[in-house]
Amino acid sequence: MRGKTLVTGGNGLVGSEFIGEHYYKPKSNEYDLTDKDNTDELFSKNFDGVIHCAAKVGGVGANMKYKGDFFYQNITMNTNVIESAKNHGVKNLVAFLSTCVFPDDTTYPLTEKKIHLGPPHFSNDAYAYAKRMVDIQIRAYREQYGLNYKSVIPTNIYGLNDNYNIENGHVIPSLIHKCFLARETKSNFVIWGSGKPLREFIFSEDVAVLSKWVLENYDEDEPIILSTSEEVSIKTVVDIIVDLMNYKGNVVWDETKPDGQFRKPSDNTKIKSYLPNFIFTSLYDGLKKTIEFFENNYTILRK
Ligand code: NDP
């Protein structure tokens, strides 16, 4: 498959945004990337480049409940993909880290240099350590084999093909689904915490555009943070969702439930220095597209 780029996890939130004939996007039931032989079989098709999105991903609940799965599946998938890519002559590869791999006790804003400077938060330590090893493996392969492999660190991603499961999903898809159920059943929209914590969200389409750019143009040992560096409160997110979903009931903040960390801002200086004119999708526009998709595909989406 010369001339083609392999997108692992090509049907997920980020992977589904790579659209076109030149992308090859097999599903996990065709090639299980935790299996070395399966991974080698896939790479024997010979790709020009690889965008490695596949991962076991989830919110805090899932990360705490299934630590063994999160560790084993992520570390085997990443190790297999990067090793197989090298063995099959792939010259360019980009893999995904996440801002939740950063140390719990750190200084803000987060920068690319701080990933390994202390243990991650206990709630997602299994996922975080497995993901941190992507950075180690990539640096090692660059040094030993001279390959143009690199990694990106996106902040919280949201978008169309998300996992809308209320228990196991991330904050935005869970809020959209909860608001929808509250509207449909004419009940209160109950949200954990005070709504005051600040977070940075990036639209999945923007992540795809930027990681494609990284695959083609970026060639540094150090990962690169993909972030708007604009903080918004959970309350602001909820206000936009309520407005866009036309929810007229009560919004109830359950302050007996934990808020989590107040803020964890990241520094997007590096990506901005490469792409000073890049315009990120606004949260309002991204949520509008996401909610339209959610409402039109409710019966078939992941939830
Ligand atoms: P999704 O959960 O939406 O998609 C993950 C994909 O991985 C799925 O399409 C799934 O394929 C595939 N996959 C899982 N297990 C296997 C396996 N054993 N073999 C082959 N494929 C497998 O994830 P996102 O799009 O949200 O995330 C993309 C990347 O970005 C991940 O690496 C994630 O860690 C990272 N990231 C995500 C953030 C977020 O907020 N979502 C934030 C920061 C980083 P299938 O559907 O066919 O089973």
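First, a word on what this report is: a plain description of the structure on this page. Since we're looking at a predicted model, the values are computed, not measured.

1. Observations regarding the environment of F122
Here is step 1: Considering the arrangement of structural elements, one finds F122 in the loop between β4 (92–96) and α4 (125–145).
Here is step 2: The class for F122 is exposed, based on a relative accessible area of 51%.
Here is step 3: Sequence separation of F122 and I51 is 71 residues, and the distance between their C-alpha atoms is 29 Å.
Here is step 4: For F122, the contacting residues outside a window of four places in its chain are M64 and K67.

2. Description of the site of the ligand
Here is step 1: Lining the immediate surroundings of the ligand are 27 residues, of which L13, S28, Y127, K131 and R302 lie closest.
Here is step 2: In this structure, L13 approaches the ligand through a main-chain N or O atom, which is 2.8 Å from an oxygen atom.
Here is step 3: The contact in question runs from an oxygen atom of the ligand to an N or O atom on the side chain of K131, over 2.7 Å.
Here is step 4: Coverage of the ligand by the protein chains reaches 86% of its 900 Å² of free accessible surface.
Here is step 5: Sorting the residues of the shell around the ligand by element identifies α4 and β6 (156–158) as the ones contributing at least two each.
Here is step 6: Classifying every residue of the shell around the ligand by side-chain character gives 14 nonpolar, nine polar and four charged.

3. Structural notes on the pattern of salt bridges
For side chains of opposite charge, pairing can occur when their charged atoms come near one another.
Here is step 1: Per the counting criterion, the structure on display carries 17 salt bridges.
Here is step 2: Salt-bridge contacts for D40 lead to K36; the nearest nitrogen and oxygen are separated by 3.2 Å. Highlighted residues: D40 and K36, both in helix α1 (residues 36–43), separated by four residues, approximately one helical turn.
Here is step 3: For K36, a relative accessible area of 32% puts it in the partly exposed group.
Here is step 4: With its nearest N and O atoms 2.8 Å apart, the salt bridge here joins D219 to R142. In this pair, D219 sits in the loop between α6 (204–217) and β10 (224–226) while R142 sits in helix α4, placing the two residues 77 residues apart along the sequence.
Here is step 5: On the accessibility criterion, R142 (13% relative accessible area) is buried.
Here is step 6: Several salt bridges share partner residues, and in doing so they unite K113, E220, E222 and K270 into one network.

4. What about the packing of helix α7 (residues 234–244) against helix α9 (residues 283–296)?
Between two packed helices, the angle of one axis relative to the other and the distance separating the axes together describe the packing.
Here is step 1: Relative orientation of the contacting elements α7 and α9 amounts to 45 degrees, with a least axis distance of 10 Å. Our classification of the angle between α7 and α9 gives oblique. Every pair of crossing elements has a handedness; the one defined by α7 and α9 is right-handed. In this structure, α7 contributes V237, I240, I241, D243 and L244 to the contact, and α9 contributes L283, Y284, L287, K288 and I291.
Here is step 2: Its residues assigned to classes, the contact of α7 with α9 shows eight nonpolar, no polar and two charged.

5. Observations regarding the packing of aromatic side chains
Here is step 1: Within the structure shown, the criterion is met by 15 aromatic pairs.
Here is step 2: Considering the side-chain rings of F18 and Y23, the 5.4 Å spacing of their centres and the 65 degrees angle between planes classify their relative orientation as edge-to-face.
Here is step 3: Given the relative accessible area of 3%, F18 is considered buried.
Here is step 4: Considering the side-chain rings of Y158 and F203, the 5.3 Å spacing of their centres and the 40 degrees angle between planes classify their relative orientation as tilted. Here Y158, found in strand β6, pairs with F203, found in strand β9 (residues 201–203); they are 45 residues apart in sequence, far enough to count as distant.
Here is step 5: Within the aromatic cluster, the residues linked to one another by ring pairs are Y164, F180, F294 and Y298.
Here is step 6: One Lys or Arg, K303, reaches over the ring of Y298 and ends 4.5 Å from the middle of that ring.

Rules and cut-offs
Residues numbered from 1 in each chain as written. Predicted model: local features only at pLDDT ≥ 70, side-chain atom pairs only at ≥ 80, totals over all residues. Heavy atoms only, no water. Helix = DSSP H or I, 4+ residues; strand = E, 2+ residues; numbered from the N terminus. Buried < 20%, exposed > 50% of the residue type's maximum accessible area, 1.4 Å probe, protein only. Contact = heavy atoms within 4.5 Å. Near = heavy atom within 4 Å. Polar contact = N/O pair within 3.5 Å; in protein donor to acceptor, adjacent residues only side chain to side chain. Areas by Shrake-Rupley, 256 points an atom, 1.4 Å probe, with all protein chains shown as cover. Nonpolar A, V, L, I, M, F, W, Y, C, P; charged D, E, K, R; others polar. Salt bridge = Lys/Arg side-chain N within 4 Å of Asp/Glu carboxyl O. Axes fitted to C-alpha atoms, helices over the stretch in contact; angles between N-to-C directions. Parallel < 35°, antiparallel > 145°, perpendicular 65-115°, else oblique. Left-handed = near helix turned anticlockwise from the far one by under 90°. Phe/Tyr/Trp six-rings, centres within 6.5 Å; stacked < 30°, edge-to-face > 60°. Lys NZ or Arg CZ within 6 Å of the ring centre and 35° of its normal.

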